[in-house]
Amino acid sequence: MFLEDARAFSTTACIFKSKNHSSDQDSLQEEEGEIDEAEIDELFQQQIPTGICEEDHHRIFIVHPDVKWGSKKQYLTTAALQMDEAVGLVNTLQNWTVIDKIILSTKTPEKKKIFGKGNFQTLTEKIRAKAGVTAVFVNVERLSPSSEKELQEAWGVKVLDRYSLVLHIFRCNARTKEAKLQISLAEIPLLRSRLRNEVENLDQQGGGSKYIMGSGETLYEVQQRLLKERELKIRSALERLRRKRHLLRSQRKHKDFPIVSIMGYTNCGKTTLIKALTGDAGLQPKDQLFATLDVTVHAGQLPSHMTVLYVDTIGFLSQLPHQLIDSFSATLEDVAHSDLIIHVRDISHPETVNQKVNVLNVLKNLQIPEKLFNTIIEVHNKIDLIEGYQTSDPEVISISALKEHGLDVLTEKIEEAVVRSTGKQTMTLVVQLNSPQIAWLYKEATVQAVDDVGDDCMANVKVIISQAAYGRYRKLFRVT
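Conventions used here
Residues numbered from 1 in each chain as written. Predicted model: local features only at pLDDT ≥ 70, side-chain atom pairs only at ≥ 80, totals over all residues. Heavy atoms only, no water. Pairing = 2+ DSSP bridges. Helix = DSSP H or I, 4+ residues; strand = E, 2+ residues; numbered from the N terminus. Axes fitted to C-alpha atoms, helices over the stretch in contact; angles between N-to-C directions. Contact = heavy atoms within 4.5 Å. 1 Å grid on protein atoms, 1.4 Å probe; cavity = no way out; pocket = protein on both sides within 12 Å on 5 of 7 lines; lining within 4 Å. Points joined across faces, edges and corners; volume = space filled by probe spheres on them. Nonpolar A, V, L, I, M, F, W, Y, C, P; charged D, E, K, R; others polar. Buried < 20%, exposed > 50% of the residue type's maximum accessible area, 1.4 Å probe, protein only. Polar contact = N/O pair within 3.5 Å; in protein donor to acceptor, adjacent residues only side chain to side chain. Expected span 1.5 Å × (residues − 1).

Draft legend 1. Local environment of the sheet that holds strand 5 (residues 259-264). Strand order in this open sheet of 6 strands is 6-7-5-8-9-10, and the pairing throughout is mixed. Two strands lie at the open edges of the sheet, namely strand 6 (296-301) and strand 10 (396-399), each paired on one side alone. Averaged over all adjacent pairs, the angle separating strand axes in this sheet is 30 degrees, with direction ignored. Two strands pair when backbone bridges link them, and strand 6 and strand 7 (residues 307-312) are joined in this way by 6 bridges, in the antiparallel orientation. Across the sheet, residue Gly300 finds its bridge partner in strand 7, namely Val308. Strands strand 5, strand 6, strand 7, strand 8 (340-346) and strand 10 of the sheet are contacted by helix 11 (residues 270-278), whose axis makes an angle of about 165 degrees with strand 7. Packing of helix 14 (residues 352-365) onto the sheet brings it into contact with strand 5, strand 8 and strand 9 (377-381), and relative to strand 8 it is tilted by some 155 degrees.

Draft legend 2. Looking closely at the pairing of strand 2 (residues 96-106). Across 10 bridges, strand 1 (residues 58-67) lies against strand 2 in parallel orientation. Bridging from a neighbouring strand, Val63 pairs with Ile102 of strand 2.

Draft legend 3. Region of the structure containing empty space enclosed by the protein. The final tally for this structure, using the stated rule, is 2 cavities of 30 Å³ or more. In this structure, the largest cavity encloses a volume near 70 Å³. Around the largest cavity sit Phe170, Phe290, Ile314, Gly315, Phe316, Leu320, Leu324, Ile325, Phe328 and Leu332, which together line it. Here the residues of the lining of the largest cavity are counted per class, giving 9 nonpolar, 1 polar and no charged.

Draft legend 4. A look at the sheet that holds strand 2. One open sheet holds the 4 strands; their spatial order is 2-1-3-4, and the pairing between them is parallel. Looking along the sheet, the strands with just one partner apiece sit at the ends: strand 2 and strand 4 (158-160). Averaged over all pairs of adjacent strands, the angle between strand axes in this sheet comes to 20 degrees, irrespective of strand direction. Pairing geometry for strand 1 and strand 3 (residues 135-138), over 4 bridges, is parallel. Looking across to strand 3, one finds that Ile62 is bridged to Phe137.

Draft legend 5. Highlighting the pairing of strand 13 (residues 458-465). For strand 13, the buried fraction is high: 6 of the 8 residues fall into the buried class. Across 8 bridges, the pairing between strand 11 (residues 425-432) and strand 13 is antiparallel. Bridging across to strand 13, Val430 finds its partner in Asn460. The turn linking strand 12 (residues 446-452) back onto strand 13 is made up of 5 residues, and Gly454 within it adopts a positive phi angle of 70 degrees.

Draft legend 6. Examining the side chain of Glu378 more closely. Here Glu378 shows up in strand 9. A distance of 2.7 Å separates a polar atom in the side chain of Glu378 from a polar atom in the side chain of His380. With residues up to four places along the chain from it excluded, the contact list for Glu378 reads His343, Arg345, Lys356, Glu395, Val396 and Ile397.

Draft legend 7. Here's a closer look at helix 7 (residues 162-173). The end-to-end C-alpha separation of helix 7 is 16 Å, in line with the 16 Å expected for 12 residues at 1.5 Å each. Within helix 7, 11 of the 12 residues are buried, leaving the element largely enclosed by the surrounding structure. Considered for burial, the residues of helix 7 that qualify are Arg162, Tyr163, Ser164, Leu165, Val166, Leu167, His168, Ile169, Phe170, Arg171 and Cys172. One side-chain oxygen of the residue at the start of helix 7 lies 3.3 Å from the amide nitrogen of Tyr163, identifying that residue as Asp161.

Dropping the structure here:
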């Protein structure tokens with residue numbers, strides 16, 4: 001298996017070499033132009049670190065270590081609820097089935113085998129006795145390479161942790177260039193872990209530390225170098241996409257469209273809410289974890305007729321390594337440049353408090369500006385919300401995104417916050433109706449009312465306008 005991987009990496013090296021020898025002009029055109037879809041698919045398909053193909057059928061045994069004390073103990077949830085989420089993750093994947101599960105207490109989660117000797121022996125016997133198990137999902141954030149190796153040897157099947165399972169879900173749902181690149185970047189740590197394990201196996205056989213003829217490098221050093229080249233290539237392509245996204249963001253800002261980011265735990269109803277706010281029939285919300293992997297932007301109107309852009313983002317999940325979040329920083333960068341963040345909570349979910357803490361922690365790690373963080377609007381989404389119901393907390397808005405209840409209160413709150421954060425102001429301007437002024441205001445500002453004063457085609461026009469747009473208006477039409 002390892003030698004096959006070595007040949008695959010060697011092929012990759014040839015690809016890198018041939019492309020790096022293109023002319024400066026070709027490189028410039030590639031840098032400025034569209035990123036080639038075939039090139040991204042090549043990176044995406046070169047190595048699949050989990051060793052699991054999208055079309056695989058798996059019968060999963062789930063093991064949840066219930067940590068009794070210490071830094072890894074979860075205080076805002078229960079082992080049973082964590083197991084429910086683990087089952088939900090597996091069921092997200094087509095052709096995957098949970099055939100057994102167990103919650104087992106542990107006082108030693110940091111050890112290779114996670115459990116004490118007695119519990120581990122009992123668990124091993126249970127897994128081996130269960131017919132048809134093809135993989136074991138250990139519901140922890142990340143297994144060390146040595147733990148993964150030892151558990152696989154003990155149980156005789158593939159072993160997955162939350163990091164590798166969620167990455168596989170992402171891989172199955174990836175459709176765009178950016179999603180594929182970000183997943184490929186997040187997979188690099190898994191490839192490095194697997195490389196270390198396989199080199200250790202070769203070393204035991206006397207092959208891993210030998211130099212490759214004429215190269216002056218060991219096989220491990222060659223593999224490490226090729227992985228580094230792969231990582232740099234992915235980061236370079238993501239940087240080009242980041243610059244393109246920055247350009248699009250600048251164009252939106254130039255048009256004075258306020259940006260409202262919709263955030264929340266995975267499957268909390270973000271897309272359903274955006275569909276309700278915009279009436280966008282093209283949005284098809286799914287009752288599925290991580291249905292959205294890319295940032296999508298949808299225009300909607302507030303009560304004042306002001307146009308805002310709602311940004312739909314990837315959902316969050318508890319117990320995910322920072323490396324995975326960091327890989328999606330290009331996507332989440334849009335959030336930091338928003339005018340307003342709406343935090344959607346599925347208030348009916350038994351882990352709603354724990355989910356809130358996880359989302360806010362991720363936002364803090366993304367270094368959201370303090371001013372933006374402090375103005376987050378919290379929305380409680382509940383399918384069976386009774387129309388007219390409102391929470392006792394005046395800072396929280398209760399809605400049913402599915403039934404479209406409570407949206408009038410929410411949009412008024414959004415409008416207030418957007419006007420405040422963008423520095424827009426409401427003004428009444430005296431305008432000549434037979435001049436280009438009125439058409440300009442409809443294009444560059446939000447016209448709320450036009451009152452004909454009946455005097456020489458003059459009218460009082462009530463607008464919501466940014467300071468920058470008002471400055472352009474005064475200069476263009478010589479208004480004092």
